[in-house]
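The primary structure of each chain is shown beneath.
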Amino acid sequence: MTGAHRTNGTRRAETGRARGASGRLVVVGDTLLDEDVEGTATRLAPDAPAPVVDVTGSRRRPGGAGLAAALAATLTAGDGREVVLVTALGADEASDAVRRELRDRVRLVELPLEGTLPVKTRVLSGGRPLVRMDRGGGTPGAPCAAVREALGRADAILVADYGRHTADAVRDHLAAVAPHTPLVWDPHPRGGAPVPGARLVTPNAAEVRGLCPEKGNGWGRGREADPGGGRRGAGVVPGGQGAGVTPGEGDAGAVDVVEGRRYEARTPALPGAGDTTLRAYAERGAELAARWRAAGVAVTLGERGALLTGPGGGTPMLVPAPYRAVGDPCGAGDCFAAATAVALADGALPEEAVQRAVAEAAAFVAAGGAGNPGLWHRDRPTRAVDEATTDAFTLAERVRARGGTVVATGGCFDLLHAGHVGLLESARRIGDCLIVCLNSDTSLARRKGPGRPLTPQADRARVLTALGSVDAVVVFEEDTPEAVLRRLRPDVWVKGGDYAVQDLPEADVLRGWGGQAVALPYLDGRSTTLLAHRAARAAVRVDPAGPVAPSGG
């Protein structure tokens, strides 16, 4: 990736992006209505060892394919690309709620739904789910001519399969366009296999372990506890999809009730089923790519990133997560799949698409996941003037709103060294987030003189955001960060070295809102200037003819 920005809780990774792109991205799949009931739990019920939740609020939003389509629309905002959602909706209140929320975001092409839209309700305390309740469900009807027309004119297609048969209903149409249209298939244990010719299939680690419990064996799809049929329990949903629970290694034998019938979720305890090494995932991914006749399989591995494999084996490509994203992972799989499809629609290679998707998914989780209010705000801008700056301010507001401490520091960081790293780690431990105010290239040049910066600001910002201690970076053009500090309003301003607090020019600024400037110890003998001089001396090599300046490298 050549650069990255965050917008509305998602990271825009500029890898070969076609600016001013137009056309159509089609999302096909099962839409749900997700509901979060939030509150506090400080006591147990007198009649049972169950927490009592005092409800403080609730939110409803599209889930499943509806969430994937909304995320795709956010990622393409301002690019002129239409996002079309092919899904089954009925005449019930939940279907109407989805229609209202998706209005003006995506174009709906509806299949009839016999029954009601599934509703998944999470009860949370302190942001952590306590229980999930599922209700509703129906059967999609036959597709109309508008479905065939939408798929035929698509630049790329995303199938967000939640095992409720919308993909099955349009399977023949998908198979017809797969050979000549980039198709991303996000599978589900209860859904069918991807159609042959998919460009990328995006199972998560738990799904892959279930599909390939032992290399060469088929998938024990899950068996019904009562005689007949064979389906995996809906209550055990792979992480990153909907509001489910990620299966662990000990999930064999877990029981769920789906539409009045009892099912046993099966993660077989066969040899190799618990192998979570990269080699095991690479072998499983290659096997699945061959089985599905897909061009590639991108296995999502949570904090480890994603592993891209192909049907011929070979060397897989691991794309690590850019940082450890702490937040609600609900919907992360949908974000990954949507970002992959958007990238392919832009003409990106699968390798580039996976890189962009990993960055998008990490930013999505860090910003609060599907529950991030910024994702659903009606008046959101199509493109921020300075996306990185906006993200830093949004982060500061969010931390303050929950009673946290915002810490900020500043500098040029032209050559990142051990002194910088130690300072940033110490600063991060002071509060709940650390924002770095970074001198722009022009600001740095005015301060340091000719020959500086050594590293352009985009690269400096990227290196800083890759550190686990840094939560956001904001670039300022002035000689001092006073203006940006007045907007950020941090609780603590940190500088390193032998400063006295009263000598810090930012101290007076912070006192305006009750903030505090502090000085932290700094490693002696580490500075960008010393490193630059040392590098310049080392760049001159000596040979029998005398000192010779290097010709390159």
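The preceding data block contains the structure.
The rules we used
- Residues numbered from 1 in each chain as written.
- Predicted model: local features only at pLDDT ≥ 70, side-chain atom pairs only at ≥ 80, totals over all residues.
- Heavy atoms only, no water.
- Helix = DSSP H or I, 4+ residues; strand = E, 2+ residues; numbered from the N terminus.
- Buried < 20%, exposed > 50% of the residue type's maximum accessible area, 1.4 Å probe, protein only.
- Contact = heavy atoms within 4.5 Å.
- Areas by Shrake-Rupley, 256 points an atom, 1.4 Å probe, with all protein chains shown as cover.
- Phe/Tyr/Trp six-rings, centres within 6.5 Å; stacked < 30°, edge-to-face > 60°.
- Lys NZ or Arg CZ within 6 Å of the ring centre and 35° of its normal.
- Core = buried A, V, L, I, M, F, W, Y, C linked by side-chain atoms within 4.5 Å.
- Arc of directions from axis to C-beta.
- Salt bridge = Lys/Arg side-chain N within 4 Å of Asp/Glu carboxyl O.
- Pairing = 2+ DSSP bridges.
- Axes fitted to C-alpha atoms, helices over the stretch in contact; angles between N-to-C directions.

Trainee: Got a minute to help me understand the overall build of the protein in this structure?
Mentor: Counting its regular elements, the protein contains 17 helices and 24 strands. Put simply, the protein has 553 residues, and 51% of those count as buried. Considering only residue pairs separated by 6 or more positions, the protein has 69% of its internal contacts joining residues 24 or more positions apart. Here the protein has roughly 23,900 Å² of accessible surface; of this, 53% comes from carbon and sulfur atoms.

Trainee: Is there a simple way to explain the packing of aromatic side chains in this structure?
Mentor: Where two aromatic rings form a pair, the distance of their centres and the angle of their planes describe that pair. Scanning all chains against the criterion turns up 0 aromatic pairs. Between the NZ or CZ atom of arginine 284 and the centre of the ring of tyrosine 281, over which it lies, the distance is 5.3 Å.

Trainee: I'm lost on the nonpolar core in this one. Help?
Mentor: The nonpolar side chains of a soluble globular protein tend to be buried, and buried together. Core analysis: the biggest nonpolar cluster contains 92 residues, and Val26, Val28, Ile157, Leu174, Leu183 and Val354 have the highest contact counts within it. It is helix 8 (residues 332-345) that provides the largest number of residues to this core, a total of 11 residues. Look past the residues within four positions of valine 26 in its chain and what remains in contact with it is Val84, Val86, Ala150, Leu151, Ala154, Ala156, Ile157 and Leu158. Of all hydrophobic cores here, the second largest spans 23 residues; its members include Leu395, Ala396, Leu485 and Leu510.

Trainee: Sorry if this is basic, but what is going on with helix 2 (residues 93-102) here?
Mentor: Along helix 2, the positions that sit buried rather than exposed are Ala94, Ser95, Ala97, Val98, Glu101 and Leu102. Along the axis of helix 2, the buried residues cluster in a sector spanning 160 degrees; they form a single face. Lining the buried residues of helix 2 we find strand 4 (31-44), strand 5 (51-64), helix 1 (65-75), strand 6 (81-89), strand 7 (107-125) and helix 10 (373-376). A positive phi of about 70 degrees marks aspartate 104, the residue just after helix 2.

Trainee: Help me understand the pattern of salt bridges, please; the structure alone is not making it clear to me.
Mentor: Two side chains bearing opposite charge may form a pair once their charged atoms approach each other closely. On inspection of all chains with the given rule, the structure shows 26 salt bridges. When the shortest N-O distance is used, the salt bridge between glutamate 35 and arginine 135 registers 4.0 Å. Placement of the pair is glutamate 35 in strand 4 and arginine 135 in strand 8 (residues 128-140), with a sequence separation of 100 residues. Between aspartate 508 and arginine 511 there is a salt bridge, and its shortest N-O distance comes to 2.0 Å. Linking aspartate 508 with arginine 511, this pair stays in helix 16 (residues 506-511), spanning 3 residues, or about one helical turn. When salt bridges with common partners are traced through the structure, they connect Arg24, Glu82, Arg107, Glu149 and Arg153 into a single cluster.

Trainee: I keep staring at the sheet that holds strand 20 (residues 472-476) and nothing clicks. Help me out?
Mentor: Note on sheets: strands pair through backbone hydrogen bonds, and any given pair is parallel or antiparallel. Taken in spatial order, the 5 strands make up an open sheet running 20-19-18-21-22, and their pairing is parallel. On the outer flanks of this sheet lie strand 20 and strand 22 (516-520), each paired with one strand and no other. Sheet twist, expressed as the mean angle between neighbouring strand axes with direction ignored, is 30 degrees. Of the pairings in the sheet, the one linking strand 18 (residues 406-411) to strand 21 (residues 492-496) comprises 3 bridges and is parallel in character. Within strand 21, the residue paired with alanine 408 across the bridge is tryptophan 493. Running over the sheet, helix 14 (residues 457-465) touches strand 19 (433-439) and strand 20 and is turned about 165 degrees from strand 19.

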